[in-house]
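Take a look at the letters that make up each chain.
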Amino acid sequence: MAMTLRLDEQETEALRRRAELEGRSMQEVARQAVRDYIERNSKREALDRVLDRELPRYADALERLGR
């Protein structure tokens, strides 16, 4: 699926420089950035769900350790 990504001049220039440094196209760099963002946030959300579920079970022990 095609989409349009609108960047300001500074963002465009930073993306252009990064792509040149890596010997890749601006599109490749932008697509990798999107994939990295999604992966990072998916892991964070999964960890948050586990912590929300498990932390209450250990609340007493954590409180005592904090003293």
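All values reported here derive from a predicted model rather than from experimental measurement. (Residues numbered from 1 in each chain as written. Predicted model: local features only at pLDDT ≥ 70, side-chain atom pairs only at ≥ 80, totals over all residues. Heavy atoms only, no water.)

The next subject is the pattern of salt bridges. Scanning the entire structure with this criterion turns up 7 salt bridges. Linking Glu-22 and Arg-24 is a salt bridge whose minimum nitrogen-to-oxygen distance equals 2.9 Å. Owing to a relative accessible area of 36%, Glu-22 belongs among the partly exposed residues under this scheme. For Arg-24, a relative accessible area of 31% corresponds to the partly exposed category. One network of salt bridges, with partners in common, ties together Glu-13, Arg-16 and Arg-17. (Salt bridge = Lys/Arg side-chain N within 4 Å of Asp/Glu carboxyl O. Buried < 20%, exposed > 50% of the residue type's maximum accessible area, 1.4 Å probe, protein only.)

If you check UniProt for "domain: Ribbon-helix-helix protein CopG" (unreviewed entry), the listed places come out as residues 4-40 in our numbering. Taken end to end, residues 4-40 has its terminal C-alpha atoms 23 Å apart, with 78% of it in helix and 0% in strand. (UniProt positions renumbered as here; feature names shortened; annotations may be inferred. Helix = DSSP H or I, 4+ residues; strand = E, 2+ residues; numbered from the N terminus.)

Let us look at the environment of Met-26. Locating Met-26 in the fold gives a position in helix 2 (residues 26-54). In the structure, Met-26 is positioned 18 residues away from Asp-8 in sequence and 14 Å away in space, judged by C-alpha atoms. When near neighbours in sequence (up to four residues on either side) are disregarded, Met-26 contacts Thr-12, Leu-15, Arg-16 and Ala-19. (Contact = heavy atoms within 4.5 Å.)

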